[in-house]
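# Survey of secondary and tertiary structure
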Amino acid sequence: MENMRNFLKSWPGRLVLIGTLIPMAFLGVGTFGGPNIQPNELIKVGDQVVDVSTFQAEMNAERNALIERGIDASLINESALFEMTLKRLTDRALLENQALSLGMTVSDEMITQLLQQYEVFQDNGQFSNDLFAAYLQQNGLTKDVLFGIERLRLSLRQLINSIVGTAIYPNSQIGHLIDLQLESREVWVQRYHWQDYVDQVQITDAQIQAYFDANKDTLIKPATVDLSYIELDPMALKIEAPTEAEISAQQTAYMRENGISDGRQLAQILLTGADAEARAAEIQTKLSAGESFESLAAQYSDDPSGSNGGAIGSFNPAVFGQDAAKVEETLAGVGVGQVSQPVQTGFGLHLFKVTSISDDAPNLASMRDQMMDRAAAFKRSQAFEDLSARINTMATDGMGVADIAKETGLTVQQINAYPQVNNTTALAQPAVIAAAFDDFTIQDQGVSPNVSLGNKNVWVQPSNYQASRPLTFEEAKEQIRQTLAKEQAIKLALADAQKAAASDSAALRVPNANLGMVTRATPLLSALEKASLFLHQSGDHDVWAVQTEEGASVIVGGPVQKTQESQLSAADRAQAVAVIRDNVGADQLEDYVRYLRDTSEVIINEDALKAQR
């Protein structure tokens, strides 16, 4: 199982997680509990098991994928992500179990052919047994384990393709659907907003009471806490001006990161093997005796550059990876014609000689302003990280927000009756809400770990927790009044829209109402407006009124322009057909998984599930 987890985190293991299932959310959560599941197992379907580590790896992979797409981590709804991951892994286990039950399997020959095509195992376009063996060793796999994983993946793909790839949708209906998407017409829209009518509405207490009696089960006061919090903004931190040493260090780091040479030309003698240190001492003795570095490089160096006197060109710290700082330190103060002390890197033991320094190499003076800003930003970042870590330590030690603020010079802010749902406060981010309503934090009345909000950190301390409960009539009264007022205002707006629609359409076709030629895919119309767009087709200018979420609209639609799908290129039509049939296939796959849920025993470890929330 550990091998399976490691593989799923690697390539091509990710194909198992995200490349073989169509991304969709299926309904249902299965059966909880039962003695046939182990503590470290979260989901079990037949012989297929999803353990806790696999679930965590998939959650992290999904979260990282969202962040890589530019989504702020604080805006990720962890609860929704949790449920999506649970459903996806349960669905995968159902399908894997079904594929095995149906006897879908793949021969070793087919798996071998597939693996030979993977680029990770190829060297100059040819399959490399050495690369294959190294991959198995690196991932802690044996050939049999890898073949088992691939066989399961391919069997699962067979099952999915047998459902999705055989979706039937007649060509005539496909042509009709394409024709509908290509319809267009010129449109004019006059909108009537409900807010303009709300002053005309009178809501009585009897109407409010009737609404309350009919809807009291849905009128819920959300759980709330009184929230104290502190906010740390790195730009608000006061830092001292960078020192010359810090500016110089940033220049060195910048040049290393960007592969920029400092102008020094180097030669080296590279020594490998168990006797490297002894040979280095021997070389140093001969150098002291006056022998040339170049001749010794040709004699001793284990690097091909030895035949050229050890010359390796411009000094590029990036070449040495994690050992770059060590090499730079060794070369510090080594002048032209001088040889460094031996330094060990991943390549072996080096002796370097500075052969020359280029006159046009970048210097600190030419980059000073840029490096000063970089050094200041680095100091600010370090100060931010240090203070954040210090606050986290104080929170862990049991200090409250007020004491932490006094210790750090920050300001305590307060939000009373901070709601768990329908939150429109200044801290409405899902990550903050999750921290504020964390069970342990509420019970201990402690301070949360830092929550990252963009470039800021926030710490929250909830108190006075109030569980959700039905609203009383007095609490719900104003909310109901506003709801009923909006409903009545929309009716008034629709009545005016219907009157306007009965008038001459020419009066409604004014320039500021014209949206031009639109199709069903236009973003200029609301969903309800688009739904009515092609319901009226007289061949001339049609006029109609439609109720919307914002009130009502009067729409004038010109003659409908129909583009036959036969005018599409063969490639465009083929693409449209593929999309339509894939959608139909996805629906069939969803139905199939629902069927499997109804006919299979899905065991979910309730205790392990709670621990992951």
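The shown structure was predicted, so the numbers you read here are calculated from the model rather than taken from an experiment. Starting from 1, residues in each chain are numbered consecutively following that chain's sequence as written. With pLDDT at 70 or above as the cut-off, local features in this predicted model cover only qualifying residues; side-chain atom pairs require 80 or more to be listed or tallied, and sums for whole chains, interfaces and linings still use all residues. Calculation of side-chain values draws on the structure's entire complement of heavy atoms; hydrogens and water are dropped beforehand.

## Digging into the overall build of the protein
Filter applied, for reference: Only DSSP runs of H or I with at least four residues qualify as helices, and only runs of E with at least two residues qualify as strands; both kinds are numbered from the N terminus onward. We call two residues in contact when some of their heavy atoms are within 4.5 Å. Surface exposure here means Shrake-Rupley accessible area, sampled with a 1.4 Å probe, where a residue is shielded only by the protein chains that are shown.
If you tally the helices and strands in the protein, you get 22 helices and 20 strands. Considering only intrachain contacts with a sequence separation of at least 6, the fraction spanning at least 24 residues in the protein is 75%. Only carbon and sulfur atoms are counted for the fraction: they give 50% of the accessible area of the protein, which is about 32900 Å².

## Notes on the sheet that holds strand β19 (residues 551-557)
Spelled out, the test is: Following DSSP output, two strands are said to pair if at least two bridges run between them. Working convention: axes come from line fits to C-alpha atoms, limited for helices to the stretch in contact. Angles between N-to-C directions cover 0 to 180 degrees.
Pairing in this open sheet of 4 strands is antiparallel, and the strands run β17-β6-β19-β18 from one edge to the other. This sheet does not close on itself; its edge strands, each paired only once, are β17 (514-518) and β18 (542-548). On average, adjacent strands in this sheet sit at an angle of 30 degrees to one another, irrespective of strand direction. Examined bridge by bridge, strand β6 (residues 185-193) and β17 share 4 bridges and lie antiparallel to one another. Pairing of Val-187 across the sheet is with Gly-516, part of β17. Sitting on the sheet, helix α18 (residues 473-501) touches β6, β18 and β19, and the angle it makes with β18 is about 180 degrees.

## Here we look at the sheet that holds strand β12 (residues 348-357)
Pairing between sheet strands relies on hydrogen bonds along the backbone, with the strands arranged either parallel or antiparallel. One open sheet accounts for 4 strands, arranged β10-β9-β12-β11; its pairing is antiparallel. Of all the strands in the sheet, the pair left with one neighbour each is β10 (311-314) and β11 (343-345). Put simply, the sheet's adjacent strands are angled 40 degrees from each other on average, direction ignored. Strand direction decides the pairing type here: strand β9 (residues 264-271) and β12, joined by 8 bridges, are antiparallel. Bridging across to β12, Ile-269 finds its partner in Leu-351. Packing of helix α11 (residues 276-288) onto the sheet brings it into contact with β9 and β12, and relative to β12 it is tilted by some 35 degrees.

## Re the side chain of Thr-345
Basically, it comes down to this: Here a polar contact is recorded for every N or O atom pair within 3.5 Å, except that within protein the pair must consist of a potential hydrogen donor and a potential acceptor, and residues adjacent in sequence are included only if both atoms are side-chain atoms.
Inspection of the secondary structure puts Thr-345 in strand β11. For Thr-345, the side chain forms a polar contact with the main-chain nitrogen of Phe-347, separated by 3.1 Å.

## Quick notes on unusual backbone geometry
Unusually for a residue other than glycine, Gln-445 sits at a positive phi of about 50 degrees. Structurally, the position occupied by Gln-445 is in the loop between α17 (439-444) and β14 (451-453).

## Topic: the confidence of the model for the protein
For clarity, the threshold we go by: As a per-residue quantity, pLDDT reports the predictor's confidence and falls between 0 and 100.
In the predicted model, the protein carries a mean pLDDT of 84, and 88% of its residues have values of at least 70. The model gives residues 1-34 a pLDDT under 50, and that stretch makes 85 contacts with residues more than four places away or in other chains.

## Section: helix α13 (residues 324-331)
Short version of the rule: Only protein chains enter the accessibility calculation, which uses a 1.4 Å probe. A residue is then buried if its area is under 20% of the maximum for its type, exposed if over 50%, and partly exposed in between. To obtain the arc, one takes the directions from the helix axis to the C-beta atoms.
Of all the positions in α13, only Ala-324, Val-327, Glu-328 and Leu-331 are classed as buried. Angular distribution of buried residues about the axis of α13 spans 100 degrees; they occupy a single face of the element.

## Topic: the nonpolar core
As a reminder of what qualifies: Only buried residues count toward a nonpolar core, which is a set of Ala, Val, Leu, Ile, Met, Phe, Trp, Tyr and Cys residues joined through side-chain atoms within 4.5 Å.
Among the nonpolar cores identified, the biggest contains 27 residues, and Ile-43, Phe-55 and Leu-95 are the most heavily contacted of them. Among the elements of the structure, β2 (41-45), α3 (52-68), α4 (78-101), α7 (143-164), α21 (570-599), β20 (602-604) and α22 (606-612) are those that each provide at least two residues to this core. The leading source of residues in this core is α4, at 8 residues. When neighbours within four sequence positions are excluded, Phe-55 is seen to be in contact with Leu-42, Val-50, Phe-82, Thr-85, Leu-86, Leu-89 and Gln-612. Core analysis: the second largest hydrophobic core is formed by 26 residues, Val-201, Ile-203, Ile-208 and Ala-497 among them.

## Examining the pattern of salt bridges
Put simply, the rule reads: Whenever a carboxyl oxygen of Asp or Glu lies within 4 Å of a side-chain nitrogen of Lys or Arg, that contact is scored as a salt bridge.
Summed over all chains, the structure comprises 24 salt bridges. Taking the shortest distance from any N to any O, the salt bridge between Asp-205 and Arg-481 comes out at 3.9 Å. Of this pair, Asp-205 sits in helix α9 (residues 205-215) while Arg-481 sits in helix α18, and the two are 276 residues apart along the sequence. On the basis of relative accessibility, which here comes to 45%, the residue Asp-205 falls in the partly exposed class. Given a relative accessible area of 26%, Arg-481 falls into the partly exposed group. With a closest N to O distance of 3.7 Å, Asp-591 and Arg-594 form a salt bridge. Of the two residues, Asp-591 and Arg-594 are both situated in helix α21; the distance of 3 residues between them amounts to about one turn of the helix.

## Topic: the pairing of strand β8 (residues 224-232)
Burial of β8 is extensive: 8 of the 9 residues sit out of reach of the surface. Pairing of β8 with strand β15 (residues 456-466) involves 8 bridges; the strand directions are antiparallel. Paired with Thr-224 across the two strands is Gln-466, which belongs to β15. When β8 meets strand β13 (residues 413-419), the two strands line up antiparallel, connected through 5 bridges.

## With respect to the packing of aromatic side chains
Put simply, the test is: Only Phe, Tyr and Trp rings are paired, with Trp represented by its six-membered ring, and only when their centres lie within 6.5 Å; those with planes under 30 degrees apart are stacked, over 60 edge-to-face, the remainder tilted.
What the rule picks out here adds up to 13 aromatic pairs. Where Phe-55 meets Phe-82, the ring centres are 5.1 Å apart and the plane angle is 70 degrees; that geometry is what we call edge-to-face. Taken together, the residues Phe-55 in helix α3 and Phe-82 in helix α4 connect sequence positions 27 residues apart. Note on accessibility: Phe-55 and Phe-82 belong to one class, buried.

## Overview of the environment of Phe-378
Following the sequence through the fold, Phe-378 ends up in helix α14 (residues 368-396). Separated by 136 residues in the primary sequence, Phe-378 and Pro-242 place their C-alpha atoms 9.4 Å from one another.

## Focus on the packing of α11 against helix α12 (residues 293-300)
When two helices pack together, their arrangement is given by the angle between the helix axes and the distance between those axes. Threshold: Here the angle decides the label: under 35 degrees means roughly parallel, over 145 means roughly antiparallel, 65 to 115 means roughly perpendicular, and every other value means oblique. Each helix crossing is assigned a hand: it is left-handed if the near helix lies turned anticlockwise from the far helix by less than a right angle, otherwise right-handed if that turn is clockwise. Residues were grouped as follows: Ala, Val, Leu, Ile, Met, Phe, Trp, Tyr, Cys and Pro as nonpolar; Asp, Glu, Lys and Arg as charged; and all remaining residues, including Gly, as polar.
Here α11 crosses α12 at 155 degrees, and the two axes come no closer than 10 Å. Relative to α12, the element α11 lies roughly antiparallel. The handedness of the crossing between α11 and α12 is right-handed. On α12, the residues touching Arg-279, Glu-282, Ile-283, Lys-286 and Leu-287 of α11 are Phe-293, Leu-296, Gln-299 and Tyr-300. Considering only residue class, the contact of α11 with α12 consists of 5 nonpolar, 1 polar and 3 charged.

## Considerations on the pairing of β18
In regular strands, side chains alternate between the two faces of the sheet. Residues Asp-542, Trp-544, Val-546 and Thr-548 of β18 are buried on one face, while the alternating residues Val-543, Ala-545 and Gln-547, pointing to the opposite face, are not. Looking at chain direction, β18 and β19 are connected through 7 bridges and run antiparallel. Within β19, the position partnered with Val-543 by the bridge is Val-556. Hairpin connection, β18 to β19: the antiparallel pair is bridged by 2 residues.

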